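Results of the structural survey
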Amino acid sequence: MSGPRPLRRAGISPRGEGSILPLWGRWRAKPDGGGWLARTPVFGALALSACSLTPAYTRPPAPIPAAYAAPSAPAPAARTLGYATAFGDPRLVALIDRALAHNRDLAASVARVAEARAQFRVARASQYPAFGATAATTAARTSGVARGGNSSGVDYRYESVNVGVAAFELDFWGRVRALSAAALARYLATEEARRAFQLTLIEQTAAAYIATRNLTERIDLAQRAIASRNEAVRIAKLRLDAGVTSALDYTQTEVLLRQAQTEATILENSRAQAENLLLTLTGGPAEGALPPPLPIFAKGAVGDVAPGLPSSLLANRPDIAAAEQTLIAANANIGVARAAFFPQISLTAAAGFASGSLSGLFTSSGFTYNAGPTATLPLFDFGRTRANLALARAQHDEAVATYQRTIQTAFQEVANGLAGRRWLAEQLEAQQLALAAQRERARLANLRYRNGVAGYLEVLDAERDLFAAEQAVVDVRGQQLTNAALLYTVLGGGAVR
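Quick look at the overall build of the protein now. Scanning the protein from terminus to terminus reveals 13 helices and 4 strands. For the protein, the residues scored as buried account for 39% of the 497 residues in total. Sequence separation of 24 or more characterises 82% of the internal contacts of the protein that already satisfy a separation of 6 or more.

As C-alpha cells, then:
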C-alpha cells in the first residue's frame, strides 16, 4: 500500500489539514545538515506530537430570529437574579432550597457529573507515561543426565529490581489528546446538564407550589358558594313548606348546591395531587415549620424579568451549553477516528538491576535496561476503520442538528413565555370585567325572582355562570404566576442564591 492512500481513504488531503507528509519530507530531506533530527527519536516524537487530525471547531449558526416578536418593558435580566430574589414568597424559596438539597433526580445528576469528571481524569492521564516498579526473585532447578548415566541438575537463583514505562503511546497524530478533549467536553456537558436540571427543578417546584396555592383559593371560593347555597336551600325549603314556592324551584336550588359540592371535591383531589408532586420534588416532608407564605396574588410573588436578545440564550441557557459541549466531543472523536489510519506507536522502557545473588544485585555489573518502540498499523480490517470515521462524522452531524434544535426550542420557550405574559394580562382584564358583569346579572336575576317577574331557572343559570367566572379569574391569575416562573427559568435564571 502506498503512503498517501490511507490519507485519501480517511478523507484527508495529503497536503491539507492534518497532513504529516510535508513534515516527514522536511525531516528526511537533509541527510547531512538535518540528519541529527532523524537520529533523535525523542525530538522527532515531540515535533510530530504537534500534529492533530481533529477538525477545527466552528460554532454552527443559530437558526433563530434576531429579536422577539413580543415587546418587553425594562426589567432586570434573569441571569442576574438568584431565585431568592426572583421569587418573593419566602415559603416558595424555602421549598426550592429543599428541592435543590434533597431531590433524588438532582442527586443522580450530580453523581453523573462526578462520573464524567473521573472519566476525563482517566483520559487526561493517558497523555503521560505511567511509571511502575517491579521486584522479583526466582529460584529454579534444571535437570539433566551426566556421563555414565548419572542424573545431574543445576540450581540457580535470580533477583531483579526494575523501574519502567509500560506501553506509553507516543501521540504523533493527536489521538490521545483528542480522546482527552472529548472526555473534557463530555464532562463539561454533564456539568451544564446538571445546571439545566437545577433550573427545571426550580420551575417545577414553583409551578407545583403555585398550583397548590391556586387550588386552595378555588376551593375557598367553592366552600363559600356551598355555604351560600346551603342557606338558599334552607330558605327554599321553608318557602316550599309554606306553599310560597314550587317543588321545581326547591329542586333547582338543590342542584346549585350539589354542583358546588362536586366542584369542591374535584378541586380537593387536584390539590392533593399537586401537594404530592411538591413533596416528591422537595425530597420528602419539610423538617421544621416553613416560613409563612405571601398572599398568592400579592405583587412581587414572582418578579418580572427582561428577555434581552435571543442571542443571549447561547450564554444563559445551560442546556444549549451542554449541547455545544456534546458537539465539541463529537468533533474531537473525528480526530480519534482519523488517527486510526496511521501507525500507533508505543514506547516500552525499563531499567534496573539483576543478579544471581541478592548481595550482587545493586552493583554496576548488575545494571540492566531495555527500551524500544512498537508500531501497529491496520492493513486490512474489512473497512472497520473507514466505518468508524463515517460513524464519527455522522455523530457529529447529529450533534450539530441537536445543538441547533436546542437553540430553537429555547427560543420557542422564551417566545411562548413572552406571549403568555402579554396575552394572559389581557385575558385577566377581560375575565375580571366578565366577572363584574356576572355578579350584576346574578343580583338582577335574584331581584326579579323575589319580585315574581322571573322563574328560578334564570337565577340558576346566573348563579352557575357567576361561580364559573369566579373560578376562571383565579385560574388565570395562577396561569400568570406559573408563566412568570417559567419565563424566569427559560431565560437562564440564576440557580444559586
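Look at helix H12 (residues 384–450) against helix H13 (residues 456–490): their axes get within 8 Å of each other, and the N-to-C directions meet at 160°. One way to sum up the angle between H12 and H13 is to call them roughly antiparallel. Where H12 crosses over H13, the handedness of that crossing is left-handed. Looking at side-chain class alone, the contact of H12 with H13 contains 19 nonpolar, 11 polar and 11 charged residues.

Together, Leu377, Leu379, Phe380 and Phe382 make up an exposed nonpolar region whose accessible area comes to about 550 Å². Here Phe380 lies in the loop between strand S4 (367–376) and H12. On the basis of relative accessible area, Phe380 is assigned to the exposed category, the value being 66%.

Applying the stated rule across the entire model yields 2 cavities of 30 Å³ or more. Its boundaries defined by the atoms lining it, the second largest cavity holds a volume of some 60 Å³. If you trace the second largest cavity, you find it lined by Asp89, Leu92, Tyr209, Ile210, Leu294, Pro295, Ile296, Ala301, Val302 and Leu481. Along the lines of polarity and charge, the residues of the lining of the second largest cavity split into 9 nonpolar, no polar and 1 charged.

In this model, the second largest pocket occupies a volume close to 520 Å³. Lining the second largest pocket are 23 residues, and of these Ser228, Ala232, Asn446, Tyr456 and Glu463 lie nearest its centre. Secondary structure elements with two or more residues in the lining of the second largest pocket: helix H8 (175–241), helix H9 (247–281), H12 and H13. Tallying contributions element by element places H8 first for the lining of the second largest pocket, with 9 residues. The residue makeup of the lining of the second largest pocket, split by class, is 12 nonpolar, 4 polar and 7 charged.

The rules behind each value
- Residues numbered from 1 in each chain as written.
- Predicted model: local features only at pLDDT ≥ 70, side-chain atom pairs only at ≥ 80, totals over all residues.
- Heavy atoms only, no water.
- Helix = DSSP H or I, 4+ residues; strand = E, 2+ residues; numbered from the N terminus.
- Buried < 20%, exposed > 50% of the residue type's maximum accessible area, 1.4 Å probe, protein only.
- Contact = heavy atoms within 4.5 Å.
- Axes fitted to C-alpha atoms, helices over the stretch in contact; angles between N-to-C directions.
- Parallel < 35°, antiparallel > 145°, perpendicular 65-115°, else oblique.
- Left-handed = near helix turned anticlockwise from the far one by under 90°.
- Nonpolar A, V, L, I, M, F, W, Y, C, P; charged D, E, K, R; others polar.
- Patch = residues over 30% accessible without salt bridge, like charges linked within 9 Å, V, L, I, M, F, W, Y side chains within 5 Å.
- Areas by Shrake-Rupley, 256 points an atom, 1.4 Å probe, with all protein chains shown as cover.
- Salt bridge = Lys/Arg side-chain N within 4 Å of Asp/Glu carboxyl O.
- 1 Å grid on protein atoms, 1.4 Å probe; cavity = no way out; pocket = protein on both sides within 12 Å on 5 of 7 lines; lining within 4 Å.
- Points joined across faces, edges and corners; volume = space filled by probe spheres on them.

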